[in-house]
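Inside the fold
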Amino acid sequence: MSEQQSKLALGPVLYYWPKEKLLDFYERMSATPVDIIYLGETVCSKRHAMNTADWLDLAERMRAAGKEVVLATMALLEAESELKTLRRLCENGCFTVEANDMGAVRLLSERKTPFVLGTGINVYSDRTLQFLAGLGAKRWVMPVELSRTTLASIQAGRPEGMETEVFVYGRMPLAYSARCFTARHHNLPKDDCQYRCLDYPEGLILSTREGLTFLALNGIQTQSAQTCNLLPELEELRELKVDVLRISPQPEGTEAVIAAFAACLRGEGDPVKDAARLNAALPLGACDGYWHGQPGLQQMMETALLQEGAA
């Protein structure tokens, strides 16, 4: 893709996994062809499987394995303890930080430290991107709800030196709330949630009254129930000069997803056929509606035709 091939990034784990599962996961990920690995808790500070020291130690190990490491911050902060963690991450002195709220942007800009704008920062225009570049942002992750048309417009006015990253695979992070939906589902108060997110390693599925799978509840985060898969759009992503492709970690099969994207980037795979193969393993199917300017849960790409023909 492009004169310089796009990099593959592994986004932060969005779910609550036990420490042993996290460490095993990243040990396996260190051997995959991803270039960038995002580490850290971005959803809920009550998820204590890994503390800040653990994440920093893991970051050192991933860097020793040849990966570019980025420390991700939380998108919704509500307590002084969370601010202390944020400050420690922003002042780590070794690794780039992904800012997921404007508090992190302020701390990083004051330190004059280049940073990444995560999915928690709403960048909807090139003017916003220009402003944030002036504060020190060096890469931005396009909000998942934006279309390719909007991306093209922003790219046309992208500041010099700014990299663009697009969320290309995974359940999309859509919104955050001060209320914990997983705790409420179990009639538990947020402050005594009993860590029920551990029971849902890829979120709790929410359906409409008509039985349509609609959303996934992940603590205070709301995700898409379907899995976004933009593998067939690699050529268009190339034309739009996207620098980094983000894959969101899954409880199972992340290696296969990475391998498919990496092979297609090398020109050794068929994006449409490989996407159809990945989608066949998804219990709730794939989606790409937002990319095409349609409702996000829709499936517009050619793999839908391939699946229909194979049925």
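Just so you know, these numbers come straight off a predicted model, no measurement behind them.

About the criteria used
- Residues numbered from 1 in each chain as written.
- Predicted model: local features only at pLDDT ≥ 70, side-chain atom pairs only at ≥ 80, totals over all residues.
- Heavy atoms only, no water.
- Phe/Tyr/Trp six-rings, centres within 6.5 Å; stacked < 30°, edge-to-face > 60°.
- Helix = DSSP H or I, 4+ residues; strand = E, 2+ residues; numbered from the N terminus.
- Buried < 20%, exposed > 50% of the residue type's maximum accessible area, 1.4 Å probe, protein only.
- Lys NZ or Arg CZ within 6 Å of the ring centre and 35° of its normal.
- 1 Å grid on protein atoms, 1.4 Å probe; cavity = no way out; pocket = protein on both sides within 12 Å on 5 of 7 lines; lining within 4 Å.
- Points joined across faces, edges and corners; volume = space filled by probe spheres on them.
- Nonpolar A, V, L, I, M, F, W, Y, C, P; charged D, E, K, R; others polar.
- Disulfide = S-S within 2.5 Å.
- Axes fitted to C-alpha atoms, helices over the stretch in contact; angles between N-to-C directions.
- Parallel < 35°, antiparallel > 145°, perpendicular 65-115°, else oblique.
- Left-handed = near helix turned anticlockwise from the far one by under 90°.
- Contact = heavy atoms within 4.5 Å.
- Core = buried A, V, L, I, M, F, W, Y, C linked by side-chain atoms within 4.5 Å.
- Patch = residues over 30% accessible without salt bridge, like charges linked within 9 Å, V, L, I, M, F, W, Y side chains within 5 Å.
- Areas by Shrake-Rupley, 256 points an atom, 1.4 Å probe, with all protein chains shown as cover.
- Salt bridge = Lys/Arg side-chain N within 4 Å of Asp/Glu carboxyl O.
- Pairing = 2+ DSSP bridges.
- Right-handed = clockwise from strand over helix to strand, strands pointing away.
- UniProt positions renumbered as here; feature names shortened; annotations may be inferred.

Focus on the packing of aromatic side chains
- Under the defined criterion, the tally for this structure stands at five aromatic pairs.
- Taking the centre distance of 6.4 Å and the plane angle of 80° together, the rings of Y169 and F261 count as edge-to-face. Within this pair, whereas Y169 is found in strand β7 (residues 163–176), its partner F261 is found in helix α9 (residues 254–265), the two being separated by 92 residues in sequence. For the pair Y169 and F261, one class covers both residues: buried.
- Put simply, the rings of W17, F25, Y26 and W55 pair up and form one aromatic cluster.
- Between the NZ or CZ atom of K21 and the centre of the ring of W17, over which it lies, the distance is 4.9 Å.
- The lysine or arginine in question, R246, covers the ring of Y38, its NZ or CZ lying 4.1 Å from the ring centre.

Comments concerning the environment of L278
- Assignment of secondary structure puts L278 in helix α10 (residues 271–280).
- When the C-alpha positions of L278 and K21 are compared, they lie 23 Å apart, and in sequence the two are 257 residues distant.

Section: the layout of surface pockets
- Here the largest pocket defines a volume of roughly 380 Å³.
- Along the wall of the largest pocket there are 20 residues; nearest its centre are E41, S45, T52, M74 and T85.
- When residues of the lining of the largest pocket are traced back to their parent elements, those giving at least two are α2 (52–64) and α3 (80–90).
- Here the element with the most residues in the lining of the largest pocket is α3; it accounts for five residues.
- The class makeup of the residues in the lining of the largest pocket is nine nonpolar, eight polar and three charged.
- Its volume calculated, the second largest pocket comes out at about 290 Å³.
- Lining the second largest pocket are 18 residues, and of these Y169, Q250, E252, A281 and L282 sit closest to its centre.
- Those elements giving two or more residues to the lining of the second largest pocket turn out to be β7, β10 (221–229), α9 and α10.
- In terms of residue class, the lining of the second largest pocket is made up of 10 nonpolar, four polar and four charged.

Some thoughts on the state of the cysteines
- Inspection of the entire model under this criterion finds zero disulfides.
- The cysteine C90 is free of any disulfide, with C94 supplying the nearest cysteine sulfur at 14 Å.
- On the accessibility criterion, C90 (4% relative accessible area) is buried.

Here's the deal with the packing of α2 against α3
- Contact geometry of α2 with α3 gives a least axis separation of 11 Å together with a crossing angle of 25°. For the element pair α2 / α3, the angle class is roughly parallel. Both α2 and α3 take part in a crossing whose hand is right-handed. Mapping the contact onto sequence places T52, A53 and L56 in α2 and T85, R88 and L89 in α3.
- Taken together, the residues that form the contact of α2 with α3 break down as three nonpolar, two polar and one charged.

Describing the nonpolar core
- Within the largest apolar cluster, 74 residues are counted, with the highest numbers of intra-cluster contacts made by Y26, L39, L117 and F261.
- Top element by residues in this core is α9. It accounts for seven residues.
- Ignoring sequence-local partners within four residues, the contact set of F261 consists of L8, V168, Y169, N229, L231, L234, L245 and I247.

Considerations on a nonpolar patch on the surface
- Together, L206, L212, F214 and L297 line one region of the surface with nonpolar side chains, adding up to about 310 Å² of accessible area.
- Secondary-structure assignment places F214 in strand β9 (residues 213–218).

Observations concerning the pairing of strand β4 (residues 96–99)
- Of the two faces of β4, the one carrying T96 and E98 and the one carrying V97 and A99 are both buried.
- Relative to β4, strand β3 (residues 68–72) is paired through three bridges, and the arrangement is parallel. Paired with A72 across the two strands is E98, which belongs to β4.
- Taking the sense of rotation as the criterion, the β-α-β connection linking β4, helix α4 (residues 102–110) and strand β5 (residues 115–117) turns out right-handed.

With respect to the UniProt feature "binding site: [4Fe-4S] cluster" (unreviewed entry) in the chain
- In the numbering used here, UniProt assigns the feature "binding site: [4Fe-4S] cluster" (unreviewed entry) to C44, C180, C193 and C197. For the annotated residues, spread through 154 residues, the largest C-alpha to C-alpha distance comes to 11.6 Å, consistent with a single compact locus. Looking only at the residues we just named, the largest pocket is lined by C44.
- Relative to the elements of secondary structure, C180 occurs in the loop between β7 and α7 (181–185).
- Exposure remark for C180: the relative accessible area of 11% places this residue in the buried category.
- Dropping the residues within four chain positions of it, C180 is found in contact with K190, G219 and I220.
- Relative to the assigned elements, C197 resides in the loop between α7 and β8 (204–207).

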